[in-house]
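Structural characterization, general
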Amino acid sequence: MRVKVRARLRRPPAEEIPIATEFIKLDSFLKLANAVESGGMAKTLIAGEAVKVNGQVCTQRGKKLRPGDSVELEGQVFRVTEAPCI
């Protein structure tokens, strides 16, 4: 008797990063999320195709991210959210 088993990889929940503006550029977002230490590091990772935006590799450092977008770097997922109004 054979039993089929489906294995699913568990993804860690996305870390929500609120922004107070209409959009934020990808390199600035990586710094805001503390995913990189500097803008130069962000530039290198983006150019090296190590960053995904909404599931697709993105090499545009100035890519505009809006609430609802997700960014993945080295298995870590960040979601852009709207900052609450005060």
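To be clear, the structure that these remarks concern was listed above.
Residues numbered from 1 in each chain as written. Predicted model: local features only at pLDDT ≥ 70, side-chain atom pairs only at ≥ 80, totals over all residues. Heavy atoms only, no water.

Some details on the pattern of salt bridges
A complete count under the given rule lists three salt bridges for this structure. R79 is paired through a salt bridge with E16; the nearest N and O atoms lie 2.8 Å apart. Here the residue R79 occupies a position in strand β7 (residues 76–82), and E16 occupies one in strand β1 (residues 15–19), the gap between them amounting to 63 residues. Residue classification places E16 among the partly exposed residues on the basis of a relative accessible area of 45%. A salt bridge links R66 to E22; the shortest N-O distance between them is 3.8 Å. With a gap of 44 residues between them, R66 in the loop between β5 (64–65) and β6 (70–73) and E22 in the loop between β1 and β2 (24–25) connect regions that are remote in the sequence. With a relative accessible area of 57%, E22 lands in the exposed category. (Salt bridge = Lys/Arg side-chain N within 4 Å of Asp/Glu carboxyl O. Helix = DSSP H or I, 4+ residues; strand = E, 2+ residues; numbered from the N terminus. Buried < 20%, exposed > 50% of the residue type's maximum accessible area, 1.4 Å probe, protein only.)

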